[in-house]
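Understanding the architecture of this molecule
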Amino acid sequence: MRIGKTKSILKKISIVVISSLIFTALTAIAAFYYLFFYMKDQIQDSYLKYLEMYAQIVESKLEETSQNGFGIIIDSKIQDRLSEWILLSGQKTVTDADSMNLLYRQLLIKKDIEQILFNNMALVGQIRHLSIITPDGSILSSSGESGFQDNENIEQVIKTADDGNGAACWISDPSTSYIIHARSIRSLKAKMTDSPLGTFVMWVDMAKIMRTANARMPVDDSILIMKDQNGGVIFVSDPRFDGALMSSLKNDGRIDVEGESYLVCSYRSGELFEYYMLVSAEKIYRPVEQFVLALIGVFLLIIFIVVLGTDKISKEIMKPIPKLAQAMKTVETGCFRITDRELLEDNREDEIGDLCRDFVYMTQKIDQLVQENYVKQLVIKETELRALQAQINPHFLYNVLESVNCMAVIAHQPDISVMVKSLGSLLREAMSNQEIFHTIKQELGLIEAYLAIQSIRFENKLSYELMVEESVMNWEVPKFFLQPIVENAVVYGIEATGKGCHIRIQIKSENSRLYAEISDSGPGMDENVIQAIYNGTIKGRGNGIGLHNIIKRLDIMCRGRNRFEIISSPGEGTRVIIELAVQEGEGRDVYGNDCG
């Protein structure tokens, strides 16, 4: 019953949508035909304005190119190097060495000028090639090639530029899509009557300028014709235009070329050229006709699609509902893992899709919470067992060490007694895992216990001294942040070499920071070993806490506001410096303020 009502509503919606589409289509068709037949003149006028703006864009690009060229020839480096070239050209050589020297200096000048030309060409996109013709006929080019087809072309360019007396001259290049910009280079330090330093020539890519103009205007595939003020043709973008067609060009008119009609727009600049811009009239009006016909077809297609789509949409809407209901029944049995892939799809963006995704997310979250709770319970049980075991093992070990100590005292073996007591202190502190920090005084106790054991072991080979300020004794530091360094000094200073070693430990307060330095007289190490320690890529002798471990712990605890530095060289011992940020005041926790 509910399904029948849903279909009825969808049918009513379809009728309303189809009626609206038909009415809109008829209205739009009538409106576009009115615009096409009764506003044809307005469309033509607007495109003529666009064409005039197009010509102005081309004009501005040419003006910009001309200004860039003028900036190049007045550059002080260009002026100086060309003047130097002229001086060298006038020098006479006597020996072969003089000739070679002259050629070498000219080669350097040529390289400098060509590099400047190349750099300036890269800055302006529409410049294809740059050249400078020196008075002696040498050509300095941005690309290493002259760019001229023959000597006659070179002479024509030089003559045109000389006639311009330093002004910009534009010359046609019919064989390419370029126009040539030529200008006589005058020295800024000489008189106007003096001979020029050379002739500056630019090849301007008109096709690129036209592409730039087309990108900014709603006119595609336009034809550009440029004439100078004397009526001479400078540039034609379409080779179909001959002399007869040129004479028939007229502003705001039309011209037929090979059966195709063009609208003509002319624009005369104040100083440079007269521009004729032509655009196909068919390309202007045909899209309007095609749009009207396409509009009719599109609306008919839309009506057909809506009729077919309405029934399909109703079925698509109802499709996930039975699967969702089945999934809910599965969840009721205690299974929270939904395996129906169609229900898990996220491509639906309607309310039904949101409902399915929310249901899947809810069941996954419930399953995740159940699994996490189960794992937590297992971890708690395992932790309790490990805690009970940890309480038994150290206590047993301490009792055994105390018994050994008593036996050593009875047997009058003081060295063994001292080693056992020191070992007991080390183990007691190492196995105390409740705290990760202790005081400087406690750290020194660990160091002295370790050194007491090693002093008995190595007899006269090990000596040490402690220099600790009393004010820092109660400052808190990470456990075992100094003892492993002392241990490394013993291992690598005595065990590895068999020689004696002196260890010096200094701890003090310096500028409200904790400063600790451990130095030894051992064999030292090179820079590669130091970098390997910093990177953690070196393999130590033992299995204890390495220097890289200390570096990482301090970085984590102090958030990078600490200093750990190793200073050493082969044969000169090793110094390890540690600085930790701490505020002033005895008994302050080093990590509660700056490093925590």
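Residues numbered from 1 in each chain as written. Predicted model: local features only at pLDDT ≥ 70, side-chain atom pairs only at ≥ 80, totals over all residues. Heavy atoms only, no water.

**Description of the sheet that holds strand β7 (residues 233-236)**
- Read across the sheet, five strands follow the order β7-β6-β10-β9-β8 without closing on themselves; strand pairing throughout is antiparallel. The outermost strands of the open sheet, each flanked by one partner alone, are β7 and β8 (254-257). The average undirected angle you get between the axes of adjacent strands in this sheet is 25°.
- Across three bridges, the pairing between strand β6 (residues 223-227) and β7 is antiparallel. Among the inter-strand pairings, K227 is bridged to a residue of β7, identified as V233. (Pairing = 2+ DSSP bridges. Helix = DSSP H or I, 4+ residues; strand = E, 2+ residues; numbered from the N terminus. Axes fitted to C-alpha atoms, helices over the stretch in contact; angles between N-to-C directions.)

**Observations regarding unusual backbone geometry**
- In this structure, N511 takes a positive phi of about 55° despite not being glycine.
- On the basis of relative accessible area, N511 is assigned to the exposed category, the value being 70%.
- Within the chain, S512 stands out as a residue other than glycine whose phi angle is a positive 60°.
- The class for S512 is partly exposed, based on a relative accessible area of 24%. (Buried < 20%, exposed > 50% of the residue type's maximum accessible area, 1.4 Å probe, protein only.)

**With respect to the pairing of strand β14 (residues 501-510)**
- The sheet contact formed by strand β12 (residues 462-468) and β14 spans seven bridges and is parallel. By the bridge assignment, L466 is partnered in β14 with I505.
- Hairpin connection from β14 to strand β15 (residues 513-520): two residues lie between these consecutive antiparallel strands, with N511 at a positive phi of about 55°.

**Thoughts on the nonpolar core**
- If you look at the biggest cluster of nonpolar residues, it comprises 38 residues, and the most contacted ones within it are I440, L451, I503, I507, L514, F564 and I578.
- At the level of elements, α13 (440-458), α14 (483-495), β14, β15, α15 (527-535), α16 (547-558), β16 (562-568) and β17 (574-581) are the ones that each hand at least two residues to this core.
- Setting aside anything within four residues of it in sequence, one finds I503 in contact with L451, L462, S463, Y464, E465, V486, A489, V490, I518, S519 and D520.
- I116, L117, L130 and F200 belong to the second largest nonpolar core, which has 21 residues in total. (Core = buried A, V, L, I, M, F, W, Y, C linked by side-chain atoms within 4.5 Å. Contact = heavy atoms within 4.5 Å.)

**Some thoughts on the environment of E59**
- On the secondary structure map, E59 appears in helix α2 (residues 40-73).
- For E59, a relative accessible area of 10% translates into the label buried.
- Along the primary structure E59 and E274 are separated by 215 residues, whereas in three dimensions their C-alpha atoms are 9.7 Å apart.

**A look at α14**
- Taking 1.5 Å per residue as the helical rise, α14 with its 13 residues ought to reach 18 Å, and the 17 Å between its terminal C-alpha atoms agrees with that figure.
- Every buried residue of α14 is accounted for by Q483, P484, I485, V486, A489, V490, V491, G493 and I494. (Expected span 1.5 Å × (residues − 1).)

**A word on a nonpolar patch on the surface**
- On the surface, a nonpolar cluster with roughly 410 Å² of combined accessible area is contributed by L301, F304, I305 and L308.
- Within the secondary structure, L308 is located in helix α8 (residues 281-318). (Patch = residues over 30% accessible without salt bridge, like charges linked within 9 Å, V, L, I, M, F, W, Y side chains within 5 Å. Areas by Shrake-Rupley, 256 points an atom, 1.4 Å probe, with all protein chains shown as cover. Salt bridge = Lys/Arg side-chain N within 4 Å of Asp/Glu carboxyl O.)

**Thoughts on helix α3 (residues 76-90)**
- Spanning 15 residues, α3 covers 21 Å between terminal C-alpha atoms, matching the ideal 21 Å at 1.5 Å per step.
- Buried within α3 we find I78, Q79, R81, L82, W85 and L88.

**Considerations on the pattern of salt bridges**
- The final tally for this structure, using the stated rule, is eleven salt bridges.
- The partner of D163 in a salt bridge is K159, with the nearest N and O atoms 3.2 Å apart. Placement of the pair is D163 and K159 together in helix α5 (residues 151-163), with a separation of four residues, close to one helical turn.
- For D163, a relative accessible area of 52% translates into the label exposed.
- Where salt bridges share partners, they join R513, R563, E565 and E579 into one cluster.

**Structural notes on the confidence of the model for the chain**
- Considering every residue of the chain, the mean pLDDT works out to 75; 70% of them sit at 70 or more.
- For the chain, helix α17 (residues 590-593) is the element with the lowest average pLDDT, namely 46, and β15 is the one with the highest, namely 92.
- Between residues 583-590, whose pLDDT stays under 50, and residues either more than four places distant or in other chains, the model counts 22 contacts. (pLDDT = per-residue confidence, 0-100.)

**Here we look at the pairing of β16**
- By the alternation rule, side chains of β16 split into N562, F564, I566 and S568, which are all buried, and R563, E565 and I567, of which none is buried.
- Two strands pair when backbone bridges link them, and β16 and β17 are joined in this way by seven bridges, in the antiparallel orientation. What sits directly across from N562, in β17, is L580.

**A short note on the sheet that holds strand β3 (residues 169-172)**
- With respect to topology, five strands assemble into an open sheet ordered β2-β1-β5-β4-β3, the strand pairing being antiparallel. Of all the strands in the sheet, just β2 (139-141) and β3 have a single pairing partner and so form its edges. Recorded for the sheet is a direction-independent mean angle of 25° between the axes of neighbouring strands.
- Across the face of the sheet, helix α4 (residues 96-123) comes into contact with β1 (127-133), β2 and β5 (198-205) while running at roughly 155° to β1.

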